[in-house]
Amino acid sequence: MTCTYCFKVFHGGGIHRMKQHLAGVTGSVTSCPNVDPAVRLAILTCLQENDKKSKEKRGDFGVESPFGQPVHEFVGDEVQEVPPPRIREISMNEAGTSLGKGKRKTTAPTGIHAFFKGGRDSTQPTIKACLQSKDKWQNTDMAIALWFYDACIPINAVNSPFFQKAIDQIASMGHGYKAPSYHSLRVTLLRDAKKDVQLVVDSFRNTWAETGCTIMGDGWKDSRQRPLINFLVYCPKGISFIKSIDASDIVTNAENLCNLFAEIVEMVGSKNVVHLVTDNASNYKAAGTLLNERYPTICWSPCAAHCINLILKDIGEMGTVKSLVALAATVTVFVYNHKYVLNWLRKTNGWREIIRPGETRFATTFIALKSLHDHKDSLQALVTSGDYKKFLKMNKGKEVKQIVLDDRFWNNCLITVRIMGPIIRLLRVCDTDERPSLGYVYKGMFRAITGIKKLFRSSERLYKPYIDIINDRWDRMLRKNLHATAYFLNPAFQYDTATFSTHPEIANGLLDYIESKVDWCSVENLTREIGMYREREGSFGRKLAILTSKKDRPENWWKLFGCDAPNLQKLAIRVLSQTASSSGCERNWSVFERIHTKKRNRLEHQRLNDLVYVHYNLRLQYRHNQQKRSYDPVDYESIDKTEFWVVEEEQEGELDYEELEEELEELPIHGQCSNSEQLEG
């Protein structure tokens, strides 16, 4: 059904005016009230496409709205220029729209700060984008996909918080935008991006001054065998990459390393640095001693995660454990070297791949034992099946069957992973970047030792070989006044009277630390406030303070309840806000490896440093603004739970002592081990 005006337009105005009438384009003709909405939309889309094509033929690539009238009332449709790094006011007139007098100007965030809102753009797509045909959407998606495929860009790059932002900015530029050149990306834009990221890193300086910070240093060699040293700064808000130094022309002795550390300390601010964490190599240890002489308030310690890895390495080299691992490796290698065997296992219900240990990750050796133990039933079903008979003609096949059907092998796997459970739990505590871990090292080591003794029912003959290895590393590497101080000031331990250690070493470590490291208040005031804290006086005696001592992060607890002891509050916050390891440095090497590939191994060090600086720090504010994990990685309550990930909890909390004695039997390793040499130590 048509209106009266349809007849007049059709006979007197031509086809174009008829289309405008049906599409409802206001201006020269009136809108038809009887046209179907779907028809109206189709005709309107057709008119817009024709109008766009005519503009392109005339060379008109302006940003004027295709709908005729200004659309400044639609939020997000204005065109915003993004010059780094200053903030500039852009009026609606500059954005291609009209504004009357008295209209408010909009402020457009520019530079890197515009990208730190996190996630994808939450605004609605423009009307123009919604009206595009499916073919045009498909062509645009395909153009992006082909670029990914041609340049071998990882598909998960679309998960970057900056990917959709980049697409939005390109769309806002309109038709005719040309991408930056190779030189711009390599030089000018990289330089500007570094300046913008530097502002983000500098914004963390207030946090460094309030909570203190830890400088982390670690060295490696790149693909050209150049020795590089990474320096990062840790604070509760996140880890910042400071710089990388090419040490090719530097003799890495104690004095030169100390000078490098001192340079970083001055960049960060000597008053802000509480802790320096490095590798445990002798030259780094000597450099830490020299730095302490130059800056008396800074404490050096080796990486706690590295020390725990060395404990795992030492235990893994014990004769009995080494023999057990060799048997486990024989089974694993046989399975993965025979396609038929592997396929047979993969068809079993609930099969998961057997974990194989990494070369430099000593904890993975014990994780591999646990993984193999989980597959006990499947492996025994395999070697007793008729399908396995053809492998019995092979010596390796017979050996694997003998191992898999030996109950002593499985019992010793179980005992070994139970022994290592507390140590690996402590490694997990120290290796986290999400929460400060320094306040948990002392207690964690104590609980690990206690857990091993409890497993062996306090039989010194059984636990002594393991405890000796732990104590040797602890005494030589991690027994520091800083760790004792952090333990004393952690309210989760101080107010747990049933388990808090009163060993003189803790009080002496606290007092030694105060006398040597604290220069901003009198020792008398600190001593008085320590008494208040220990006796739960003033704000420390509040019911809420006691209830939250194990639930809040310790540094946050002190901010809330330490107001009656301001000097001790400052000390506690600065100590409990630090990390115990330099694992962040090791994780940063993966950034270097991605950027400095074999094809790009001629990349000069300064540009490599700039690329890593931008890449690592770009998400610093974004990472901090994201919701934290639902669990606390610093779970000190679980350190003494020997089942951890290692074994599923059974009805009995620990092995029966008599059972344990029976299980410590000789392993069939070429007849070389006697009963006394087995897992009893």
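Here the structure is shown first, and the text comes after it.
As the structure is a computational prediction, the values presented were derived from the model and not from experiment.

Thresholds applied
Residues numbered from 1 in each chain as written. Predicted model: local features only at pLDDT ≥ 70, side-chain atom pairs only at ≥ 80, totals over all residues. Heavy atoms only, no water. Salt bridge = Lys/Arg side-chain N within 4 Å of Asp/Glu carboxyl O. Helix = DSSP H or I, 4+ residues; strand = E, 2+ residues; numbered from the N terminus. Axes fitted to C-alpha atoms, helices over the stretch in contact; angles between N-to-C directions. Parallel < 35°, antiparallel > 145°, perpendicular 65-115°, else oblique. Left-handed = near helix turned anticlockwise from the far one by under 90°. Contact = heavy atoms within 4.5 Å. Nonpolar A, V, L, I, M, F, W, Y, C, P; charged D, E, K, R; others polar. Patch = residues over 30% accessible without salt bridge, like charges linked within 9 Å, V, L, I, M, F, W, Y side chains within 5 Å. Areas by Shrake-Rupley, 256 points an atom, 1.4 Å probe, with all protein chains shown as cover. Buried < 20%, exposed > 50% of the residue type's maximum accessible area, 1.4 Å probe, protein only. Pairing = 2+ DSSP bridges. Phe/Tyr/Trp six-rings, centres within 6.5 Å; stacked < 30°, edge-to-face > 60°. Lys NZ or Arg CZ within 6 Å of the ring centre and 35° of its normal. Expected span 1.5 Å × (residues − 1).

Draft legend 1. Region of interest: the pattern of salt bridges. Counted according to the given criterion, the structure contains 19 salt bridges. Across the pair Glu 353 and Arg 346 runs a salt bridge whose closest N-O atoms are separated by 3.0 Å. Linking Lys 396 and Glu 399 is a salt bridge whose minimum nitrogen-to-oxygen distance equals 3.8 Å. Residue Lys 396 and its partner Glu 399 are located together in helix H16 (residues 395-404), separated by three residues, close to a single helical turn.

Draft legend 2. Main features of the packing of helix H12 (residues 319-337) against H16. The N-to-C vectors of H12 and H16 enclose an angle of 125°; their axes lie 10 Å apart at closest approach. Classed by the angle they form, the pair H12 and H16 counts as oblique. At the point where H12 passes H16, the crossing takes the left-handed sense. Each of Leu 327, Thr 330, Val 331 and Phe 334 in H12 lies in contact with H16, whose residues at this interface are Lys 396, Gly 397, Glu 399, Val 400, Ile 403 and Val 404. Of the residues in the contact of H12 with H16, the class split is six nonpolar, two polar and two charged.

Draft legend 3. Spotlight on a nonpolar patch on the surface. A surface patch of nonpolar side chains, about 430 Å² in accessible area, is lined by Met 142, Leu 146, Tyr 149 and Ile 155. Looking at the secondary structure, you find Met 142 in helix H5 (residues 134-150). When its relative accessible area of 37% is taken as the criterion, Met 142 is described as partly exposed.

Draft legend 4. How the structure looks around the pairing of strand E3 (residues 213-221). Burial runs high along E3: seven of the nine residues are buried. Two strands pair when backbone bridges link them, and E3 and strand E6 (residues 273-278) are joined in this way by four bridges, in the parallel orientation. Bridged to Met 216 within E6 is Val 277. The pairing of E3 with strand E4 (residues 227-235) spans eight bridges and is antiparallel.

Draft legend 5. Summary view of the sheet that holds strand E5 (residues 238-246). Read across the open sheet, the five strands follow the order E5-E4-E3-E6-E7; overall the sheet is mixed. Edge positions in the sheet fall to E5 and strand E7 (299-302), since each has one partner strand and no second. Put simply, the sheet's adjacent strands are angled 20° from each other on average, direction ignored.

Draft legend 6. View of unusual backbone geometry. One non-glycine residue with positive phi stands out, namely Arg 457, at about 55°. Checked against the element boundaries, Arg 457 lands in the loop between helix H18 (441-455) and helix H19 (460-478). Residue Arg 457 is classed as partly exposed on the basis of its relative accessible area, which comes to 44%. A positive phi angle is found at Ser 458, which is not glycine, with a value near 60°. Checked against the element boundaries, Ser 458 lands in the loop between H18 and H19. Here Ser 458 falls in the exposed class, since its relative accessible area comes to 56%.

Draft legend 7. Region of interest: the environment of Thr 320. Here Thr 320 shows up in helix H12. For the pair Thr 320 and Asn 412, spaced 92 residues apart in sequence, the C-alpha separation works out to 9.4 Å.

Draft legend 8. Representation of helix H15 (residues 376-383) in the model. Among all positions of H15, only Ser 378, Leu 379, Gln 380, Leu 382 and Val 383 are buried. Each element contacted by the buried residues of H15 is listed here: H12, helix H13 (339-346), helix H14 (363-374), H16 and helix H17 (407-430).

Draft legend 9. Up close: the packing of aromatic side chains. Following the criterion strictly, the structure yields 26 aromatic pairs and no others. Ring centres of Tyr 440 and Phe 493 lie 5.9 Å apart, and the angle between their planes is 85°; this geometry places the pair in the edge-to-face category. You can see Tyr 440 sitting in the loop between H17 and H18 and its partner Phe 493 sitting in helix H21 (residues 491-494), a full 53 residues away along the chain. Among the residues examined, Tyr 440 registers a relative accessible area of 6% and is labelled buried. By relative accessible area, Phe 493 is classed as buried at 2%. A centroid spacing of 6.0 Å and a plane angle of 65° characterise the contact between Phe 488 and Tyr 533, whose relative ring orientation is edge-to-face. Remark: Tyr 533 occurs in helix H23 (residues 523-535) and Phe 488 occurs in helix H20 (residues 481-489); sequence separation between them is 45 residues. Exposure remark for Phe 488: the relative accessible area of 6% places this residue in the buried category. Over the ring of Phe 204 we find Lys 237; its NZ or CZ atom is 5.7 Å from the centre of that ring.

Draft legend 10. Layout of the pairing of E6. Most of E6 is tucked away: six of the six residues are buried. One ladder, built from four bridges, connects E6 with E7; its direction is parallel. In the strand pairing of E7, Val 277 is matched with Ser 301.

Draft legend 11. The environment of Ser 378, seen in detail. Relative to the helices and strands, Ser 378 is located in helix H15. As a C-alpha pair, Ser 378 and Thr 348 span 30 residues in sequence and 7.4 Å in three-dimensional space. Beyond its immediate stretch of four places on either side in the chain, Ser 378 contacts Trp 344, Leu 345, Thr 348 and Trp 351.

Draft legend 12. Fine view of the environment of Trp 474. Mapped onto the fold, Trp 474 is located in helix H19. Overall, the relative accessible area of 5% leaves Trp 474 in the buried class. In this structure, the C-alpha to C-alpha distance between Trp 474 and Met 445, residues 29 residues apart in sequence, is 8.3 Å. For Trp 474, the residues in contact, after removing those within four places along its chain, are Val 441, Tyr 442, Met 445 and Arg 479.

Draft legend 13. The arrangement of helix H9 (residues 254-268) in detail. With 15 residues, H9 should cover 21 Å at 1.5 Å per step; its first-to-last C-alpha distance of 21 Å lies within 8% of that length. By the burial criterion, the buried members of H9 are Ala 254, Leu 257, Cys 258, Leu 260, Phe 261, Ala 262, Ile 264, Val 265 and Val 268. Contact partners of the buried residues in H9: helix H8 (205-211), E3, E4, E5, E6 and helix H10 (282-294). Phi turns positive, to about 110°, at Gly 269, one or two residues after H9.

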